[in-house]
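# Structural overview
Each chain is listed here by its residues.
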Amino acid sequence: MSSMKAVLTMCFLLLLILDGGRDVECRRHRERRRKDYTLFVFGDSFVDAGNLAKSSGPVSRASRGWYYPYGSSDSSHANQATGRLSDGLVQSDYLAQMLGMDESPPVFSSLPTRAEVETGVNFAVPFSGVMNGRQEEELSLREQISQFGEFVDRGSVDDDQLENSVALLSVSNGHDYSHASDTTSQLDAYIEDVTDGIVEGVKRLQGMGVSKVVVNSMPPLGCSPWRARQSVGYAQCDDVGNTVATTHNTLLRRKLDGLQDVLVLDLYSTFDTLARSMSGSTPCCDTSEHKAYCGQVDGNGRAQYTVCANPDKSFYWDNENPTQAGWEAVMDRLQANIQNFLAAA
């Protein structure tokens, strides 16, 4: 018996039982959406799920997320590299799981032009920041949000999805500040520009109909392996990097303070606490050369890196990015705040 015939039969029986059924209304029930939320992801390598295509040639710094040892702890993807800059899942995957999904929504680069989204879209790329990157693939935050705007304009995202949408915005791995001068006056002005750009992005997303926006603060940049390796054995954090991060976070919170339905995630203290309890600033995938990168091989295919025995005990995976275990611990710490924010009317 078809579902329609079953509904009509039930209605007929109810009409008989209730003597004419003047108070009985029979309707086909709308099928409930599989997901309560639609997730849209913007920003850098902390949240990217593989937007940069795998290169046709050998591994490179830009394409390393598609090569071993990246993805080697990711049992959900058969321990294979997926373009994520981690040994496994990243922040956007864990937020997606909080929203009832299996992992981050599909990456923008994998979708057909006229795609209709279901769980959302991930627009993030590894080298993103507020400012335009040096390479073509380094899409700025503004460019990513413009891509989202095109999706909305052509009807790939409907009003119901926007009313139940969450945006995750991450400008947090320090890419903007990797080229900045350490001169105090210039740096202060640059931080103003970067934080203004993040606030502008939040307002644009809200203007397009996104209902809730989750924004990453900056982690302690001076304690990232990229900065801390300037000391012997990653034993000492870089004060300048941490000052940049704290100044950035203070300004960002002040500028976002008056906006409703915006949550700023405290990555600074969360990273600091967890890194201290795990492996500090020492990355699991390490290189002997400062300019080398995890996954790099020489002309004979010999690895120019080493991988620790227990990635699940390490907080940092490579010079900038946490391990899967690191991200899981971070999001576990932040989960209560995120759930309270999503539950608020």
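Residues numbered from 1 in each chain as written. Predicted model: local features only at pLDDT ≥ 70, side-chain atom pairs only at ≥ 80, totals over all residues. Heavy atoms only, no water.

## What to know about the overall build of the chain
Condition: A run of H or I in DSSP becomes a helix once it reaches four residues, and a run of E becomes a strand once it reaches two; helices and strands are each numbered from the N terminus. Only protein chains enter the accessibility calculation, which uses a 1.4 Å probe. A residue is then buried if its area is under 20% of the maximum for its type, exposed if over 50%, and partly exposed in between. Here, residues are in contact when the closest pair of their heavy atoms is within 4.5 Å. Residue exposure ignores everything except the shown protein chains as possible cover, and the areas themselves are Shrake-Rupley values with a 1.4 Å probe.
Along the chain, the regular secondary structure elements total nine helices and seven strands. For the chain, the proportion of its 345 residues judged to be buried stands at 50%. In the chain, the proportion of contacts linking residues at least 24 apart, taken out of those at least 6 apart, comes to 71%. Element-wise, carbon and sulfur atoms account for 47% of the exposed surface of the chain, whose accessible area totals about 17,000 Å².

## Thoughts on the packing of aromatic side chains
Let me state the cut-off plainly: Here a Phe, Tyr or Trp ring, Trp counted by its six-membered ring, pairs with any other such ring whose centre lies within 6.5 Å, and the pair is stacked when the planes are under 30 degrees apart, edge-to-face when over 60, and tilted otherwise. Sitting over a ring, as applied to charges here, requires NZ of Lys or CZ of Arg to be within 6 Å of the ring centre and within 35 degrees of the ring normal.
Inspection of every chain in the model, using the stated rule, returns 15 aromatic pairs. Geometrically, the ring pair formed by Phe271 and Trp327 is edge-to-face, given 5.7 Å between the ring centres and 75° between the ring planes. Of this pair, Phe271 sits in helix 8 (residues 267-277) while Trp327 sits in helix 9 (residues 324-343), placing them 56 residues apart in sequence. Taken individually, Phe271 and Trp327 each receive the classification buried, so the pair is uniform in this respect. Joined through ring pairs, the aromatic side chains of Phe40, Phe42, Phe108, Phe123, Phe148 and Phe151 make up one cluster. Against the face of Tyr67 rests Lys54, its NZ or CZ located 5.0 Å from the ring centre.

## Looking at the state of the cysteines
Simply put, the disulfide is a covalent bond whose two ends are the sulfur atoms of two cysteines. Formally: Pairs of cysteine sulfur atoms within 2.5 Å are what we label disulfides.
Taken as a whole and assessed by the stated rule, the structure comprises three disulfides. There is a disulfide in this structure between Cys223 and Cys237, and the S-S distance comes to 2.1 Å. Handedness here is read from the sign of the S-S torsion; for Cys223 and Cys237, about 110°, the answer is right-handed. A residue pair is termed long-range when its members are at least 10 positions apart, and Cys223 in the loop between strand 4 (212-216) and helix 6 (225-228) and Cys237 in the loop between helix 6 and helix 7 (239-256) qualify at 14 residues. By relative accessible area, Cys223 is classed as buried at 9%. Since its relative accessible area comes to 29%, Cys237 is described here as partly exposed.

## Thoughts on the confidence of the model for the chain
Applied cut-off: Every residue carries a pLDDT, the predictor's confidence in it, which falls somewhere between 0 and 100.
When pLDDT is averaged along the chain, the result is 88; 86% of the residues meet or exceed 70. Segment residues 1-35 is flagged for pLDDT under 50; beyond a separation of four residues in sequence, or across chains, it makes 21 contacts in the model.

## Points about the nonpolar core
Under the convention used in this document: Each nonpolar core is a collection of buried residues, namely Ala, Val, Leu, Ile, Met, Phe, Trp, Tyr and Cys, held together in the definition by side-chain atoms within 4.5 Å.
Within the largest apolar cluster, 36 residues are counted, with the highest numbers of intra-cluster contacts made by Phe42, Phe148 and Val215. Looking at this core, the elements that each hand over two or more residues are strand 1 (38-43), helix 3 (141-153), strand 3 (165-170), helix 5 (184-207), strand 4, helix 7 and strand 5 (262-265). Top element by residues in this core is helix 5. It accounts for seven residues. Formed by 31 residues, the second largest nonpolar core is a distinct cluster that contains Phe46, Val47, Leu99 and Phe341.

## Focus: the pairing of strand 4
Heads up, the condition is: Pairing between strands is defined by DSSP: at least two bridges between them are needed.
Burial runs high along strand 4: five of the five residues are buried. Taking every second residue as pointing to the same face, both faces of strand 4 are buried, with Lys212, Val214 and Asn216 on one and Val213 and Val215 on the other. Of the strand pairs in this sheet, strand 3 and strand 4 are connected by four bridges, and their pairing is parallel. Looking at the pairing, Leu168 lines up with Val214 of strand 4. The sheet contact formed by strand 4 and strand 5 spans four bridges and is parallel. Looking across to strand 5, one finds that Val214 is bridged to Leu263.

## Section: the environment of Ser45
Here is the rule: Any pair of nitrogen or oxygen atoms within 3.5 Å is treated as a polar contact; in protein, a donor-acceptor pairing is required on top of that, and neighbouring residues in sequence qualify only through side-chain atoms on both sides.
Within the secondary structure layout, Ser45 lies in the loop between strand 1 and helix 2 (91-98). Residues Ser45 and Ser92, 47 residues apart in the sequence, show an inter-C-alpha distance of 10.0 Å. Beyond its immediate sequence surroundings of up to four residues, Ser45 is in contact with Leu85, Val90, Val125, Pro126, Asn173 and Asn321. Side-chain polar atoms of Ser45 contact the side chain of Asn173, separated by 2.9 Å. At 2.7 Å, the side chain of Ser45 forms a polar contact with the side chain of Asn321.

## Remarks on unusual backbone geometry
That bond from Tyr68 to Pro69 is cis: its omega, 10°, falls within 30 degrees of zero. Looking at where Pro69 falls in the secondary structure, it is placed in the loop between strand 1 and helix 2. Here the phi dihedral of Ala78 falls at roughly 60°; this positive angle occurs in a residue that is not glycine. By the element assignment, Ala78 lies in the loop between strand 1 and helix 2. Despite not being glycine, Asp261 has its phi angle at roughly 60°, a positive value. Looking at the secondary structure, you find Asp261 in the loop between helix 7 and strand 5.

## With respect to the pattern of salt bridges
The condition is simple: Here a salt bridge means any side-chain nitrogen of Lys or Arg lying within 4 Å of a carboxyl oxygen belonging to Asp or Glu.
A full pass over the atoms with the stated rule returns nine salt bridges. Here Arg227 and Asp238 are joined by a salt bridge, their closest N and O atoms 3.1 Å apart. Taken together, the residues span a long stretch of sequence, with Arg227 in helix 6 and Asp238 in the loop between helix 6 and helix 7 at a distance of eleven residues. Taking the relative accessible area as the measure of exposure, Arg227 reaches 12% and is therefore buried. We note a salt bridge from Asp298 to Arg302, for which the minimum N-O separation is 3.0 Å. Classification of Asp298 by relative accessible area gives partly exposed; the value is 23%. One connected set of salt bridges, linked through shared partners, spans Glu192, Asp196 and Lys255.

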